[in-house]
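# Topology and contacts: notes
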Amino acid sequence: MSAPAPASPPASLFHLSRPAAGPRARPRVSRSRCVASLASQPPTPPPANANHLVQTLCASGRLARAAALLHGLPAPTQRTYESVLLAAARAGDAALAAAVHRRLEADPVFRSDPFLSTRLIDAYASLGELPAARQVFDEAPVKSIFVWNALLKALALADHGEEALARLADMGRLRVPVDSYSYAHGLKACIAASTSHVPASALVREIHAHAVRRGYGLHTHVATTLIDCYAKLGSVSYAESVFATMPERNVVSWTAMIGCYAKNERPGDAILLFQEMVASDENLVPNSVTIVCILHAFAGVNAHGQGKLLHAYILRRGFDSLVSVLNALMAMYMKCGCLEAGRHIFDLIGHRKDVVSWNTLISGYGMHGFGHEAVQVFEDMTQMGVSPNIITFISVLGACSHAGLVDEGKRLFESMVDYNVTPRAEHYACMVDLLGRAGHLDEAVELIQGMHIRPSPQVWGSLLGACRIHRHVEYAEMACSQLFDLEPRNAGNYVLLADIYARAKLHSEVGVLKDLLEEHALEKVPGCSWIEVKKRLHMFVSVDNKNPQIEELQALIGEFVTQMKNDGYVPDTGAVLYDIEEEEKEKILLGHSEKLAVAFGLINTGRGEVIRITKNLRLCEDCHSVTKFISKYAEREIIVRDVNRFHHFRDGICSCGDYW
């Protein structure tokens, strides 16, 4: 049965109308190796204590024998029914679940049992049989809170968010007492209600307020779900507020907040919170999700040393048996510049590789500029029978962009239809970036104008970035005319256009943009760089103020710049938008965060050690030139990961070939 089409919800969540009931249908029943139908098998005489035997067989995975015994049982117990349903869900056996459903309907003792109705809904939900789960709910004679919650959970997990919210509204209308799980499932449904005309953030805040009024706002389960929802919405301050007021926190709560920071580009805060968690209670032991979140944070700031320590912990605790952890470990190594270590983890996963494993390797090669290798991994993946998904194509198209593989990128983009993947805005953004970087700006604009969906800020941003590289004023103005409407509070778009104007000597237009920034109180995201030294993380921000330590670092960079000037180097002051003397502009360039991090690394690491730096923005041309020189003059390998890709500096040469 297809999902009923709920009416468009009004602004208030708790006045949503109940969706119209659709025709009832049995779940689709595929042929199963365990059982085609309980009714089709001859009755088996029940042995002594047959209920216990069925439960034991289910626990050991011998479902065919368990199903045969169940058919012959005159009086199955509640525990027996539950055991078979749980086993059917674990084995992915929809036929067995449907057979148990039929047996329950004929059982005079348990056909009205709300506990088994709950278990049946749960089983159907995990098997992807949502119409059957709805049918069980609709036909349940007794709808306890657990039955309601089971349906809410099933709908939320199946991304039927609006229907779940409508059912939650029904509970209020019918005066069904909600509990913490009702709120938790309702919050998850808000994120799934992507087609709602009410923003997900507004829905989450409404349920949050309702839970607070009913006394559930500080309940651990509800608060943890709130943190996770706010994290997905990018509302970090709301998540922090919820976390700070929690009277009790378990490992799931801590992990949710750590994950919130890690997912919202605050890896440093995630690492600090992880350290606080470990120090706060010796009984708080990180679980596999905690490990994945903190690996993501370590990768975000290039914390290679701490990542290696966590790798050892993973091995000691046996987390290396989990593919999700190994995938995150592989991503950490690759994002810390250790491509070989990441490939080694990929090979260790062996036959357990999933699509995330392949995507991570493709993305890793792409970030390091190995476009041909990324495309080859994509080909290996498809030959192994693994179907590429949306993320796969984002990764491989991005790899083509970083390596300038225009023809390969076009071929892969056109092949998406062969894998039943419909291009999204992210894929178009990759193609615009690919064409734009390669100087095919006319073709990039033509692609945008021919899109079957509305171009997103990411698409126009890719065009604007290409215009900055090739200093194309007209197309930059076209992109910004859209971006200023789509992202009116994004100061970066104004700054990029001002940079393009400045390099084109259009100083009056630069002044207009600076006035607009001040008028709307918009501030550019400050450049930040991180470096790990002796397993401690250090952050530098682009500055032009007085600070003794910063002045020491700037002085060291200044010595290198003096050497470079003797070889004909000219500082690239075009990106400094202040109306000041050239000498002052050069001083500002000395304060760029990545230069400060390089100087700090030179002073505080031993000869031969690799300097690893992460930058939150694109590496500027001047920093790129200076770092190339330092790598040769100081005889040091320097690895910088900016927002786009990796730069491996060695002997005065960068791995990007000055194409980034």
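Computed from a predicted model, the values in this text were never measured in an experiment. For every chain, the first residue of the written sequence is number 1, and numbering continues from 1 along that sequence. The predicted nature of this model means local features are confined to residues of pLDDT at least 70 and side-chain atom pairs, given and counted, to a pLDDT of 80 or more, with totals for whole chains, interfaces and linings taken over all residues. Based on all heavy atoms of the structure, the side-chain values leave hydrogens and waters out of the count.

### Concerning the packing of helix α2 (residues 63-72) against helix α4 (residues 94-105)
Helix-helix packing: each pair is described by the crossing angle between the helix axes and the interaxial distance. Counted only if it meets this: Think of each axis as a best-fit line through the C-alpha atoms, taken over the contacting stretch in the case of a helix, with angles from 0 to 180 degrees between the N-to-C directions. Helical segments are the DSSP runs of H or I of at least four residues, strand segments are the runs of E of at least two, and each set is numbered from the N terminus. Working definition: roughly parallel below 35 degrees, roughly antiparallel above 145 degrees, roughly perpendicular at 65 to 115 degrees, and oblique for all remaining angles. For any pair of crossing helices, the crossing counts as left-handed if the nearer helix is rotated counterclockwise from the farther one by less than a right angle, and right-handed if it is rotated clockwise. Contact definition: two residues touch when any of their heavy atoms are within 4.5 Å. Ten residue types, Ala, Val, Leu, Ile, Met, Phe, Trp, Tyr, Cys and Pro, are classed as nonpolar, four, Asp, Glu, Lys and Arg, as charged, and the remainder, Gly among them, as polar.
Running from amino to carboxyl end, α2 crosses α4 at an angle of 10°, the nearest separation of the two axes being 12 Å. Looking at the two axes, α2 sits roughly parallel to α4. Two packed elements cross with a definite hand, and for α2 against α4 that hand is left-handed. For the pair α2 and α4, the contacting residues are Leu63, Ala67, Leu70 and His71 in the first and Leu96, Val100 and Arg103 in the second. Looking at the contact of α2 with α4 residue by residue, the class counts come to 5 nonpolar, 1 polar and 1 charged.

### Notes on the state of the cysteines
As used in these notes, a disulfide is a covalent bond between sulfur atoms, one from each of two cysteines. Quick reminder of the rule: Throughout, disulfides are identified as pairs of cysteine sulfur atoms within 2.5 Å of each other. Residue burial is assigned from relative accessible area. The probe radius is 1.4 Å, only protein chains are included, and a residue is buried under 20% of its type maximum, exposed over 50%, and partly exposed in between.
In total, this model carries 0 disulfides according to the counting rule given. With no disulfide of its own, cysteine 400 lies 9.5 Å from the sulfur of cysteine 430, the closest cysteine sulfur. Given the relative accessible area of 0%, cysteine 400 is considered buried. Cysteine 620 carries a free sulfur, and the closest cysteine sulfur to it, the one in cysteine 623, is 3.5 Å from it. Using a relative accessible area of 14% as the deciding quantity, one classes cysteine 620 as buried.

### Here we look at the sheet that holds strand β5 (residues 646-650)
Which entries qualify depends on this criterion: Any two strands between which DSSP finds at least two bridges are classified as paired.
Pairing is mixed across the open sheet formed by 6 strands, whose spatial order is β2-β1-β3-β4-β5-β6. With partners counted over all chains shown, the strands left at the sheet margins are β2 (536-541) and β6 (653-654), one partner each.

### Some words on the packing of aromatic side chains
To keep things clear, this is the line we draw: Within 6.5 Å between ring centres, the rings of Phe, Tyr and Trp (the latter by its six-membered ring) count as paired, and their orientation is classed by plane angle as stacked under 30 degrees, edge-to-face over 60, tilted in between. Criterion for a charge above a ring: Lys NZ or Arg CZ within 6 Å of the ring centre, and within 35 degrees of the ring normal.
Counting across every chain of the model gives 16 aromatic pairs. Note on tyrosine 183 and tyrosine 216: the rings are 5.6 Å apart at their centroids and 50° apart in plane angle, and the pair reads as tilted. Of this pair, tyrosine 183 sits in helix α9 (residues 180-192) while tyrosine 216 sits in the loop between α10 (200-213) and α11 (220-233), and the two are 33 residues apart along the sequence. Judged by relative accessible area, tyrosine 216 falls into the partly exposed class, the value being 24%. Every member of this aromatic cluster is reached through a ring pair, and the members are Phe378, Phe393 and Tyr419. The side chain of arginine 249 reaches across the aromatic face of phenylalanine 243, ending 3.9 Å from its centre. Of note, arginine 249 hangs over the ring of tryptophan 254, and the distance from its end group to the ring centre comes to 5.4 Å.

### Things to note about the domain arrangement of the chain
Spelled out, the test is: Reported domain spans reflect what an automatic or database domain assignment gives. The buried area of a pairing is the accessible area, by a 1.4 Å probe, that goes missing from both parts when the two are put together, added over both. Any Lys or Arg side-chain nitrogen located within 4 Å of an Asp or Glu carboxyl oxygen qualifies as a salt bridge. Here a polar contact is taken to be a pair of N or O atoms separated by no more than 3.5 Å, where protein atoms must pair a possible hydrogen donor with a possible acceptor and residues adjacent in sequence count only if both atoms sit in side chains.
Parsing the chain into structural domains produces domain 1 (443-524) and domain 2 (529-654). Spacing between the C-alpha centres of domain 1 and domain 2 amounts to 27 Å. Here domain 1 packs against domain 2, burying approximately 650 Å² in sum over the two surfaces, 52% of which is carbon and sulfur. Contact with domain 2 buries area across many residues of domain 1, yet Arg468, Arg503 and Lys514 alone supply 59% of it, more than any other trio. Between domain 1 and domain 2 we count 2 salt bridges in total. The residue arginine 503 makes a salt bridge to aspartate 572 at a minimum N-O spacing of 3.2 Å. At the junction of domain 1 with domain 2, the criterion picks out 2 residue pairs in polar contact (both at pLDDT 80 or more). Counting only elements with at least two residues in the side of domain 1 that touches domain 2, the list comes to α25 (457-470) and α27 (491-503).

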